[in-house]
Amino acid sequence: MPPAVLGVARLAPWYSARVDDDITQAVLSRDEVARYLRGGPGLTPDQAHQQISAYLEELKTTQRYSVYRALKHPLYPILRKIQRHPEHVELAQGATRSNRVVYVSNHKSHLDYLVELLVLDDHGVRPPVTAAGINLFNGAVGLLNRHVTGAIPIRRNSRDPAYLATLRAYVAELVQRHDLFLYLEGGRSYSGEIKPMKTGLLQAVMLARRPDVVIVPVAIAYDLVLEDQTLAREGVKRRQRHFAAEVAKMVRYAVGYESRAFVTFGPPISLATVDPDSRRDLVMLKRHTREAIGKLYKVLPTALLAAALRPSMPRQDLVDRIDQLLDALRLANANLSVETGREAVEQATEPLVTRGVIVVRGNRYRIRDRHVLRYYARTLTHLLNDRGRPHLTH
């Protein structure tokens, strides 16, 4: 595994990206924020200023990249078990030479934040600032995110118009100074599918009104997602949990865990012709970005086996069924990792058996954990939706 964030790494000549006070002043000067500063029903101008100032203080972050790269992070033993496989990273390298870059990725695991940025670092791409749910900012992990990794805490469920205006203005000003890495689904996928994207942060990027801003779509896919059992059984996110509790579960499921992580970059999407004030342009951009990510998403053997397996099947029937699935995926221009059903079965059987998802007795395959199997099957839904969903009977 190449030296990177968590080990003894080669030090690149990146500057420490600090969010300076000039961003605060720029945010306070923006029309949308200035309106709230004048006060409103039940709120004096002084109270409004205090509220928005508190939000700005919460959003402030510092990226000390050389420290981040050399950090002995508690998740290092987990990351050593993940083989990173970048695809088309030259597109990110080229985009950063002449553009302000906003990466937009699907979100599978808490490890995404590290794995995807490690891939950029491995290839000498300048570090972006990330955005993460505010539940990742508690305790020691919160200090690291705020003062080392340079992550922006996001209150994903907030409906406070003052907060939303401040957030949009802050991100718009941040884009003037740094690249960003965003997860627009609003959290990890609990079903396995690529979720619809939210428009809040995307709108904030557009409000930067920089003609050189491009979106680089990114797709991340794992043979096995570390939190698969937790995600699959919950199905939907019911409440925000402290990250310490999440880490405890991740450590428990890391026993015996090994996986590949494919990080695939797509061609940049220009925002030069997108009107920041047009709702239609915003929706079209959101759809275009999600579709691009879906096409980049690596179709892995575990997902193919999961989508094809019935409650009990002979091996050859399973191979034939995956071959049919591959034919449908080729029509959808999917990013395939294997060409035949035989390859998929050979590569997926051991990981899924070891993970306790399927059982193999002789020549017959049976489902052991239908929740987790369905989770992996649904990772292909976006590719098969227009041509009929996989035949899931488990």
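Nothing here was measured: the structure is a model prediction, and the numbers come from that model.

*Asks:* Is there a simple way to explain the packing of helix α1 (residues 21-29) against helix α9 (residues 161-175) in this structure?
*Replies:* Axis angle and axis distance: for two packed helices, these are the angle between their axes and the distance between the axes, and together they describe the pair. Contact geometry for α1 and α9: axes closest at 9 Å, N-to-C directions at 130°. The orientation of α1 with respect to α9, classified from their angle, is oblique. Pair α1 / α9 crosses with right-handed handedness. Judged by residue contacts, Ile-23, Ala-26 and Val-27 of α1 engage Thr-166, Ala-169, Tyr-170, Glu-173 and Leu-174 from α9.

*Asks:* Hey, could you run me through the pairing of strand β4 (residues 100-105) in this one?
*Replies:* A regular strand places its side chains on the two faces of the sheet in alternate fashion. The buried fraction of β4 is high, at 6 of 6 residues. Residue alternation in β4 divides its side chains into two sets, Arg-100, Val-102 and Val-104 and Val-101, Tyr-103 and Ser-105, and both sets are buried. Of the strand pairs in this sheet, β4 and strand β8 (residues 213-222) are connected by 6 bridges, and their pairing is parallel. Residue pairing in the sheet places Val-104 in a bridge with Pro-217 of β8. For β4 and strand β7 (residues 180-182), the ladder comprises 3 bridges, and the chain directions are parallel. Residue pairing across strands places Val-102 opposite Leu-180, the latter belonging to β7.

*Asks:* I would appreciate a short explanation of the nonpolar core in the present structure.
*Replies:* Note on soluble globular proteins: their nonpolar side chains tend to be buried together. Grouped together as the largest cluster of nonpolar side chains are 68 residues, with contacts concentrated most on Tyr-103, Phe-265, Leu-304 and Leu-329. For this core, the element with the most residues is helix α7 (residues 112-122), which contributes 7 residues. Non-local contacts of Leu-329, meaning those with residues more than four positions away in its chain, are made with Val-299, Leu-304, Ala-334, Leu-336, Leu-380, Leu-383 and Leu-384.

*Asks:* Explanation requested: helix α16 (residues 341-354) in the structure shown.
*Replies:* Because an α-helix completes one turn every 3.6 residues, residues spaced three or four positions apart along the sequence face the same direction. The end-to-end C-alpha distance of α16, which contains 14 residues, comes to 20 Å, matching closely the 20 Å that a straight helix rising 1.5 Å per residue would cover. At Ala-348, α16 shows its maximal kink, close to 35°; a proline, Pro-351, follows between one and four residues later. Here α16 has its buried residues at Gly-341, Ala-344, Val-345, Ala-348, Thr-349 and Leu-352. If you follow the buried residues of α16, they end up packed against α14 (301-308), α15 (315-331), β14 (358-361) and β15 (364-367). Downstream of α16 by one or two residues, Gly-356 has phi in the positive range, about 80°.

*Asks:* How should I be thinking about the environment of Val-205 in this particular structure?
*Replies:* Within the secondary structure, Val-205 sits in helix α10 (residues 200-207). Val-205 sits in the buried class, given a relative accessible area of 2%. Sequence separation of Val-205 and Glu-173 is 32 residues, and the distance between their C-alpha atoms is 8.7 Å. Residues in contact with Val-205, not counting those within four places in the same chain, are Val-102, Val-171, Val-175, Leu-180, Leu-182, Val-213 and Leu-271.

What counts, and where the lines are drawn
- Residues numbered from 1 in each chain as written.
- Predicted model: local features only at pLDDT ≥ 70, side-chain atom pairs only at ≥ 80, totals over all residues.
- Heavy atoms only, no water.
- Axes fitted to C-alpha atoms, helices over the stretch in contact; angles between N-to-C directions.
- Helix = DSSP H or I, 4+ residues; strand = E, 2+ residues; numbered from the N terminus.
- Parallel < 35°, antiparallel > 145°, perpendicular 65-115°, else oblique.
- Left-handed = near helix turned anticlockwise from the far one by under 90°.
- Contact = heavy atoms within 4.5 Å.
- Buried < 20%, exposed > 50% of the residue type's maximum accessible area, 1.4 Å probe, protein only.
- Pairing = 2+ DSSP bridges.
- Core = buried A, V, L, I, M, F, W, Y, C linked by side-chain atoms within 4.5 Å.
- Expected span 1.5 Å × (residues − 1).
- Bend = angle between axes of the 7 residues up to and from the residue.

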